[in-house]
Amino acid sequence: MNKRVEKALNDQISKEAMSSQYYLSMASWAECNGLSGTAKFMYTHSDEERFHMLKLIKFVNERGGKAIIESLEKPPVSFKNLESVFAELLAHEIRVTDSINNLVDVCLQEKDYTTHNFIQWYVSEQLEEEALARTVLDKIKLIDGDSGGLYMFDKDLENAAIASNGVSIEPNQN
Ligand code: OFO
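The structure contained in this document is the topic of the report that follows. (Residues numbered from 1 in each chain as written. Predicted model: local features only at pLDDT ≥ 70, side-chain atom pairs only at ≥ 80, totals over all residues. Heavy atoms only, no water.)

1. A closer look at the overall build of the chain
Working step 1: Within the chain, the regular secondary structure consists of five helices and zero strands.
Working step 2: Traced from its N-terminal end to its C-terminal end, the chain shows the element sequence α-α-α-α-α.
Working step 3: Its C-alpha atoms give the chain a radius of gyration of 17 Å, near enough to 16 Å, the size a compact globule of 174 residues would have.
Working step 4: Principal axes of the C-alpha set define a box for the chain whose edges measure 55 × 25 × 25 Å.
Working step 5: Among the 174 residues that make up the chain, the fraction classed as buried is 45%. (Helix = DSSP H or I, 4+ residues; strand = E, 2+ residues; numbered from the N terminus. Rg over C-alpha atoms; globule rule 2.2 N^0.38 Å. Buried < 20%, exposed > 50% of the residue type's maximum accessible area, 1.4 Å probe, protein only.)

Below, the structure written as structure tokens:
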């Protein structure tokens, strides 16, 4: 495997692991603050990010590279309110999108079209995740702290978590 591509893939593995930790921390915060639907949504999301990481690890190793598991920085443990949770989530997803775009650039520069093809799955996934984060954040802003609205919002997130499907970690499957 091309060394520059391998390095960029390994950087992405750490980012996906960090995303998983980040959402796990948000899940725990939500659970401790009576927001069980939000907690469920975040736990599910954390699992999805772990799948994203595993999918990359398997791809690197199956193509003759070496996936490296790095230590991670501690995620934030407390949040001002629900709006700040989702504002941070959106900011985080935007950073991940930048990183995926960088990976696409490296693949093209190194003419690694196989990895470029593989990474397209992440490009579409990021598009969806950013859109979801924006929609949720807009809804929270509309609620503007209203407790009835927050209750309904939390229920909606629970339903969204139940409806979301898991993803396969096999490099060639969605
Ligand atoms: Fe892995 O998609 Fe979000 O971060």
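2. A short note on the environment of V96
Working step 1: Inspection of the secondary structure puts V96 in helix α3 (residues 82–109).
Working step 2: Separated by 34 residues in sequence, V96 and E130 have C-alpha atoms that sit 9.6 Å apart.
Working step 3: In this structure V96 touches Q12, E16, S19 and Q126, once residues within four positions along its chain are discounted. (Contact = heavy atoms within 4.5 Å.)

3. Examining the nonpolar core
The nonpolar side chains of soluble globular proteins are, as a tendency, buried together.
Working step 1: The biggest cluster of nonpolar side chains holds 25 residues, and the ones touching the most others in it are M26, M42, F86 and F153.
Working step 2: Where this core is concerned, the elements lending two or more residues are α1 (3–32), α2 (36–62), α3, α4 (113–143) and α5 (147–163).
Working step 3: If one sorts the elements of this core by residue count, α1 sits on top with seven residues.
Working step 4: Leaving out residues up to four positions away in the same chain, F86 has contacts with T38, F41, M42, V136, L137, I140, F153 and L157. (Core = buried A, V, L, I, M, F, W, Y, C linked by side-chain atoms within 4.5 Å.)

4. Section: α4
Working step 1: Taking 1.5 Å of rise per residue, 31 residues should cover 45 Å, and α4 covers 46 Å from first to last C-alpha, within 8% of that figure.
Working step 2: Of all the bends in α4, the greatest measures close to 30° and is centred on I119.
Working step 3: Just downstream of α4 lies D144, where phi reads positive at about 50°. (Expected span 1.5 Å × (residues − 1). Bend = angle between axes of the 7 residues up to and from the residue.)

5. As for α3
Working step 1: For α3, with 28 residues, the first-to-last C-alpha span of 41 Å sits near the 40 Å given by 1.5 Å per residue.
Working step 2: Its side-chain oxygen 3.2 Å from the backbone nitrogen of E83, N81 forms the N-cap of α3. (Polar contact = N/O pair within 3.5 Å; in protein donor to acceptor, adjacent residues only side chain to side chain.)

6. Observations regarding the packing of aromatic side chains
Working step 1: This structure, assessed with the given rule, holds seven aromatic pairs.
Working step 2: With 4.9 Å between their ring centres and 80° between their planes, W121 and Y122 make a pair best called edge-to-face. Across the pair, exposure class does not vary: W121 and Y122 are buried alike.
Working step 3: Taken together, the aromatic side chains of F59, F118, W121 and Y122 make up a single cluster linked through ring pairs.
Working step 4: Stacked on the ring of W121, the Lys or Arg K55 has its end atom at 4.5 Å from the ring centre. (Phe/Tyr/Trp six-rings, centres within 6.5 Å; stacked < 30°, edge-to-face > 60°. Lys NZ or Arg CZ within 6 Å of the ring centre and 35° of its normal.)

7. With respect to the pattern of salt bridges
Between side chains of opposite charge, a pair can form as their charged atoms come close.
Working step 1: The final tally for this structure, using the stated rule, is six salt bridges.
Working step 2: In this structure, D11 and K7 form a salt bridge, with 2.9 Å as the shortest nitrogen-oxygen distance. Pair noted here: D11 and K7 are both in helix α1, with a separation of four residues, about one helical turn.
Working step 3: Overall, the relative accessible area of 33% leaves D11 in the partly exposed class.
Working step 4: Between K155 and E158 there is a salt bridge, with the nearest N and O atoms lying 3.7 Å from each other. (Salt bridge = Lys/Arg side-chain N within 4 Å of Asp/Glu carboxyl O.)

8. Some details on the packing of α2 against α3
Working step 1: Between α2 and α3, whose axes approach to 13 Å, the crossing angle comes to 15°. In this view, α2 runs roughly parallel relative to α3, as classed from their interaxial angle. Judged by the sense of rotation from one axis to the other, the crossing of α2 with α3 is left-handed. Judged by residue contacts, T38, F41, M42, H45 and E49 of α2 engage L82, V85, F86, L89 and E93 from α3.
Working step 2: The class makeup of the residues in the contact of α2 with α3 is six nonpolar, two polar and two charged. (Axes fitted to C-alpha atoms, helices over the stretch in contact; angles between N-to-C directions. Parallel < 35°, antiparallel > 145°, perpendicular 65-115°, else oblique. Left-handed = near helix turned anticlockwise from the far one by under 90°. Nonpolar A, V, L, I, M, F, W, Y, C, P; charged D, E, K, R; others polar.)

Fair warning: the whole summary comes from geometry, so function is off the table for now.
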